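Here's the letter readout for the chains.
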Amino acid sequence: MARDIIQVFAEWDSEARVWVAESEDVPGLVAEAPTPEELEEKLKTLIPELLELNDHLLEGVSPRQAKTHFGAFEREVQFA
């Protein structure tokens, strides 16, 4: 069954003063940025690139958006 939404979880690293995002749905995804908006921009590029690189590991995954969880709030990142 194909999935079209992936889950991304972001945590605030108070020592480094950045949001750090990771996802079990996207092998190799680790991204950081000082604001949620900047992190979302990075994810729009990184997620499709990593999905393409890991195509052999991700049968049936062709997402068009990611739900990014920033602690208590959630945002959706759209990509083609």
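Residues numbered from 1 in each chain as written. Predicted model: local features only at pLDDT ≥ 70, side-chain atom pairs only at ≥ 80, totals over all residues. Heavy atoms only, no water.

Trainee: Where do I start with the side chain of E40 in this structure?
Mentor: In this fold, E40 is placed in helix α1 (residues 36–53). Classification of E40 as buried rests on a relative accessible area of 13%. (Helix = DSSP H or I, 4+ residues; strand = E, 2+ residues; numbered from the N terminus. Buried < 20%, exposed > 50% of the residue type's maximum accessible area, 1.4 Å probe, protein only.)

Trainee: Any chance you could explain the environment of T35 here in plain terms?
Mentor: With respect to the helices and strands, the residue T35 is situated in the loop between β3 (30–33) and α1. Given a relative accessible area of 26%, T35 falls into the partly exposed group. On a C-alpha basis, the gap between T35 and V18 in space is 6.9 Å, while along the polypeptide they are 17 residues apart.

Trainee: Would you mind going over the pairing of β3 with me for this structure?
Mentor: The two faces of a sheet get side chains in turn, since along a regular strand they alternate between them. Alternating positions in β3 separate cleanly, A31 and A33 being buried on one face and V30 and E32 remaining unburied on the opposite face. Both strand β2 (residues 18–22) and β3 contribute to a ladder of four bridges, which runs antiparallel. Residue pairing for β3: A21 is matched across the bridge by A31. (Pairing = 2+ DSSP bridges.)

Trainee: It is not clear to me how the environment of E37 should be interpreted in this structure. Could you clarify?
Mentor: Within the fold, E37 resides in helix α1. Separated by 38 residues in sequence, E37 and R75 have C-alpha atoms that sit 9.8 Å apart.

Trainee: How do you make sense of the side chain of D25 when you look at a structure like this?
Mentor: On the secondary structure map, D25 appears in the loop between β2 and β3. D25 sits in the buried class, given a relative accessible area of 14%. In this structure the side chain of D25 is engaged in a polar contact, spanning 2.8 Å, whose partner is the backbone nitrogen of Q7. (Polar contact = N/O pair within 3.5 Å; in protein donor to acceptor, adjacent residues only side chain to side chain.)

Trainee: What is the right way to look at the nonpolar core in this model?
Mentor: It is characteristic of soluble globular proteins that their nonpolar side chains tend to be buried jointly. If you look at the biggest cluster of nonpolar residues, it comprises 17 residues, and the most contacted ones within it are V8, V26, L29, L39, L43 and I47. Counting only elements with at least two residues in this core, the list comes to β1 (3–13), β2, β3, α1 and β4 (61–70). With five residues, the top contributor of residues to this core is α1. Those residues in contact with V8 that sit more than four places away from it in its chain are A21, E22, S23, L29, L43, I47, A66, K67, T68 and H69. (Core = buried A, V, L, I, M, F, W, Y, C linked by side-chain atoms within 4.5 Å. Contact = heavy atoms within 4.5 Å.)

Trainee: Teacher, can you tell me more about the environment of A10 here?
Mentor: Relative to the assigned elements, A10 resides in strand β1. In this structure the C-alpha to C-alpha distance between A10 and L39, which are 29 residues apart in sequence, comes to 9.0 Å. For A10, the contacting residues outside a window of four places in its chain are W19, V20, A21, L39, T68, H69, F70 and G71.

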